[in-house]
Amino acid sequence: MSHPTPSWASVLRSERLAGTPVVKRGARWWLVSPSGFLLASDSAFTGELQRFTTALAAADRAVAEIRAQNQAARKAQR
């Protein structure tokens, strides 16, 4: 499936990487601003973006697990 080149107007806040103007569409990373977009093609940079994305996802899972454990503990106390 082809992913269109992003434009500032088409990038949802939820698509951005941690609130930054970085967006991943398909397998490509894009830097997006009101004045235009730029394909991120540097492999070192895109590798760091991918590692950061993976770390954020792991952190989100850990926080969700802690919240679930806290909710279970509160229910057990009632």
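Everything discussed here concerns the structure shown above.
Treat the numbers as computed from the prediction; the structure is a model and nothing was measured. Every chain is numbered independently, its residues counted from 1 as its sequence is written. Given that this is a predicted model, residues contribute local features only at a pLDDT of at least 70 and side-chain atom pairs are listed and counted only at 80 or more, while totals for whole chains, interfaces and linings are drawn from all residues. Values reported for side chains reflect all heavy atoms of the structure, with hydrogen atoms and water molecules removed beforehand.

Observations concerning the pattern of salt bridges
The test is simple: A side-chain nitrogen of Lys or Arg and a carboxyl oxygen of Asp or Glu constitute a salt bridge if their distance falls within 4 Å. Helix and strand labels come from DSSP, where a helix needs a run of H or I of at least four residues and a strand needs a run of E of at least two; each type is numbered from the N terminus. When a residue's accessible area, from a 1.4 Å probe over protein chains only, is under 20% of the maximum for its type it is buried; when over 50% it is exposed; and in between it is partly exposed.
Applying the stated criterion to the full structure yields 1 salt bridge. A salt bridge links R51 to E48; the nearest nitrogen and oxygen atoms lie 2.8 Å apart. Of the two residues, R51 and E48 are both situated in helix α1 (residues 43-77); the distance of 3 residues between them amounts to about one turn of the helix. Judged by relative accessible area, which is 47%, E48 ranks as partly exposed.

Considering the pairing of strand β2 (residues 28-33)
Selection criterion: Whether two strands pair depends on DSSP finding at least two bridges between them.
When strand β1 (residues 22-25) meets β2, the two strands line up antiparallel, connected through 4 bridges. The partner of V22 across the bridge, within β2, is L31. Counting the residues between successive antiparallel strands, the hairpin from β1 to β2 contains 2 residues, one of them, G26, with a positive phi of roughly 65°. Hairpin connection, β2 to strand β3 (residues 36-40): the antiparallel pair is bridged by 2 residues.

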